[in-house]
Amino acid sequence: MYHSTCSPRTSPSPCEELSGSRRGPSEIGSPTSTRNPMADWQIRTKRPLRGPVREEAGPTLKNYITPTGLQRLKDEHRFLLSRERPAVVEVVAWAASNGDRSENADYLYGKRRLGQIDSRIRFLTKRIDAAVVVDPAAPRPGPAATRVFFGATVTYKDAAGLEHVVSIVGIDEVDLDRGYISWRSPLANALMKASPGDRVDLRAPAKTEHLEIIDVEYAPIPMDPFREPLGAQSTPKVERS
């Protein structure tokens, strides 16, 4: 049989004081408790949890582009909006009428393709709206005619003595095989505002390269026109005999 080590007394024993100091969950919030649930509720009401701070959208970055480059964007936008998208919508509608969509390959592919087209249309719309057209062949007044700005074709010499020719174009016109570099590229930033005979530094993470400007020219920069992609839904299908 269990026997308590505490003997009955008239005054509170250490065991009674210890047991009295432990209050169960039912005692919290009772009239003898010092915690006030109403006060906690009022604090949460007055100081609600803050949501994530959303920063305001910054100014739209200008999209410098040549006239032919802008025309190529517009041609692609027109093709997707007026020809390719309606053709895909027609295929999706036809596939949806054939029954179970969950196992309908034509329907699933069409929906995915439609999402890609809509995403591309939104992208092109933003690029066209932000476009600032600069004609490389337009005459530059005074010293600007021999300084490097957007649209310039620059001949420069690297540290090894090799000559390179680059044309500074828009982000949507980059073609490294033809020497077309973006106006926001590190090389274009190094060449900006330089004149023939100037030496500039091309800073890269690994090293800094010294370049010498040989010539600066402003002339038309050829651009390939927009061509319909192979396998486009709107392309007429050739029937085999």
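Everything numeric here is computed off the predicted structure, so don't read it as measured data. (Residues numbered from 1 in each chain as written. Predicted model: local features only at pLDDT ≥ 70, side-chain atom pairs only at ≥ 80, totals over all residues. Heavy atoms only, no water.)

### Focus: the packing of aromatic side chains
Working definition: an aromatic ring pair is given by the centre-to-centre distance plus the angle between the planes.
Here comes step 1: This structure, assessed with the given rule, holds 3 aromatic pairs.
Here comes step 2: Here Tyr64 and Trp183 contribute two aromatic rings whose centre-to-centre distance is 5.1 Å and whose plane-to-plane angle is 85°, an arrangement assigned as edge-to-face. One end of the pair, Tyr64, is in strand β1 (residues 63-65); the other, Trp183, is in the loop between β5 (180-182) and α5 (186-191), with 119 residues separating them in the sequence.
Here comes step 3: Residue classification places Tyr64 among the partly exposed residues on the basis of a relative accessible area of 24%.
Here comes step 4: A ring pair is formed by Phe79 and Phe226, whose centres lie 5.6 Å apart and whose planes are at 50°; its orientation type is tilted. Placement of Phe79 in helix α3 (residues 67-96) and of Phe226 in the segment after β7 (208-217) is noted, with a sequence separation of 147 residues between them.
Here comes step 5: Relative accessible area serves as the criterion here: at 6%, Phe79 is assigned to the buried category.
Here comes step 6: Ring pairs connect the aromatic residues Tyr64, Phe150 and Trp183, which therefore count as one cluster. (Phe/Tyr/Trp six-rings, centres within 6.5 Å; stacked < 30°, edge-to-face > 60°. Helix = DSSP H or I, 4+ residues; strand = E, 2+ residues; numbered from the N terminus. Buried < 20%, exposed > 50% of the residue type's maximum accessible area, 1.4 Å probe, protein only.)

### What about the nonpolar core?
Here comes step 1: With 21 residues, the main nonpolar core has Val148, Val154, Val166, Leu187, Leu191, Leu211 and Ile213 as its most contacted residues.
Here comes step 2: Among the elements of the structure, β3 (153-157), β4 (163-169), α5, β6 (199-203) and β7 are those that each provide at least two residues to this core.
Here comes step 3: Sort the elements by how many residues they give to this core and α5 lands first, with 4 residues.
Here comes step 4: Leave out the neighbours within four places in its chain, and Val154 touches Val148, His164, Val165, Val166, Leu191, Ile213 and Asp215.
Here comes step 5: Grouped together as the second largest cluster of nonpolar side chains are 15 residues, Val88, Ile117, Leu124 and Ala232 included. (Core = buried A, V, L, I, M, F, W, Y, C linked by side-chain atoms within 4.5 Å. Contact = heavy atoms within 4.5 Å.)

### What to know about the sheet that holds β3
Here comes step 1: In spatial order, the strands read β5-β4-β3-β7-β6; together these 5 strands make up an open sheet with mixed pairing. The outermost strands of the open sheet, each flanked by one partner alone, are β5 and β6. This sheet shows a mean twist of 45° between the axes of neighbouring strands, independent of strand direction.
Here comes step 2: Note that β4 and β5 share 3 bridges and pair parallel. Note on β5: the bridge partner recorded for Val169 is Ser182. (Pairing = 2+ DSSP bridges. Axes fitted to C-alpha atoms, helices over the stretch in contact; angles between N-to-C directions.)

### Some details on the pairing of β4
Taken residue by residue, a regular strand's side chains alternate between the two faces of the sheet.
Here comes step 1: Inspection of the sheet shows β3 paired to β4 by 5 bridges, in the antiparallel sense. Note that in β4 the partner of Tyr156 across the bridge is His164.
Here comes step 2: Between β3 and β4, which follow one another and run antiparallel, lie 5 residues, and Gly161 among them has a positive phi close to 90°.

### Topic: the pattern of salt bridges
For side chains bearing opposite charge, pairing can occur when the charged atoms are close.
Here comes step 1: Under the criterion given, the structure shown has 9 salt bridges.
Here comes step 2: Glu228 is the partner of Arg83 in a salt bridge, and the nearest nitrogen-oxygen pair spans 2.4 Å. Of this pair, Arg83 sits in helix α3 while Glu228 is found in the segment after β7, placing the two residues 145 residues apart along the sequence.
Here comes step 3: A salt bridge links Arg203 to Asp201; the shortest N-O distance between them is 4.0 Å.
Here comes step 4: When its relative accessible area of 62% is taken as the criterion, Arg203 is described as exposed.
Here comes step 5: Since its relative accessible area comes to 32%, Asp201 is described here as partly exposed. (Salt bridge = Lys/Arg side-chain N within 4 Å of Asp/Glu carboxyl O.)

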